[in-house]
Amino acid sequence: MMNKRSIDVRRIFANRVFQPRLILASLSLTIIASCSNGLAHRDSAPEKPTGPAAAVQTKSHQGVGVVKGIDPKLPSIEIDHEEIKGLMPAMQMDFHVRDKSLLNDLTVGDHIEFTVENGVGGLTITAIRKRGS
């Protein structure tokens, strides 16, 4: 046997006007709960990006090597480099150069230090400095 109160509750939930409001209220509470859960962890160590964020992350590495070729038209530079820690073993290869002015005053055989960025567009040299002989 149902009492009057349970009948009223059924009538409220059966009301088509009330159903969208109930759904909206439930979704709002779910969103608030999930957002506040993320805020609780804000003081902890930052997490490494994953998914699409990781794909666009750029990381810089330092390298040392000898200039083997220069092409200011592309602009690019061929470097016989030592191991670039965290990026690649020692090898000789071409690198794209972000700004061709970085190639000014360089000649084949120069010993250099360089910064290479590993990002969405691939490997790009962003800084070059001659080393003492």
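Attention here is on the structure that accompanies the text. (Residues numbered from 1 in each chain as written. Predicted model: local features only at pLDDT ≥ 70, side-chain atom pairs only at ≥ 80, totals over all residues. Heavy atoms only, no water.)

## Here's the deal with the pairing of strand β1 (residues 59-71)
Quick reminder of the rule: Paired strands, as defined in this entry, are two strands with at least two bridges between them according to DSSP. Secondary structure elements follow DSSP: runs of H or I no shorter than four residues count as helices, runs of E no shorter than two count as strands, and numbering proceeds from the N terminus.
Pairing of β1 with strand β4 (residues 111-119) involves eight bridges; the strand directions are antiparallel. The partner of K59 across the bridge, within β4, is N118. Between the end of β1 and the start of strand β2 (residues 76-81), which pair antiparallel, lie four residues.

## Re the packing of aromatic side chains
Quick reminder of the rule: Here a pair means two rings of Phe, Tyr or Trp (six-membered ring of Trp) with centres within 6.5 Å. Their orientation is stacked below 30 degrees between planes, edge-to-face above 60, and tilted elsewhere. A simple rule labels every residue: compare its accessible area, found with a 1.4 Å probe on the protein chains alone, to the largest value its type can have, and call it buried under 20%, exposed over 50%, or partly exposed in between.
Scanning all chains against the criterion turns up one aromatic pair. Between F95 and F114 the ring centres are 5.7 Å apart and the planes differ by 50 degrees, which places this aromatic pair in the tilted class. A residue pair is termed long-range when its members are at least 10 positions apart, and F95 in strand β3 (residues 91-97) and F114 in strand β4 qualify at 19 residues. We classify F95 as buried; its relative accessible area is 1%. The buried category is assigned to F114, whose relative accessible area is 1%.

## Quick look at the side chain of T124
The line we're drawing: Should any heavy atoms of two residues lie within 4.5 Å, those residues are considered in contact.
With respect to the secondary-structure elements, T124 resides in strand β5 (residues 122-130). Look past the residues within four positions of T124 in its chain and what remains in contact with it is H96, V97, R98, T115, V116 and E117.

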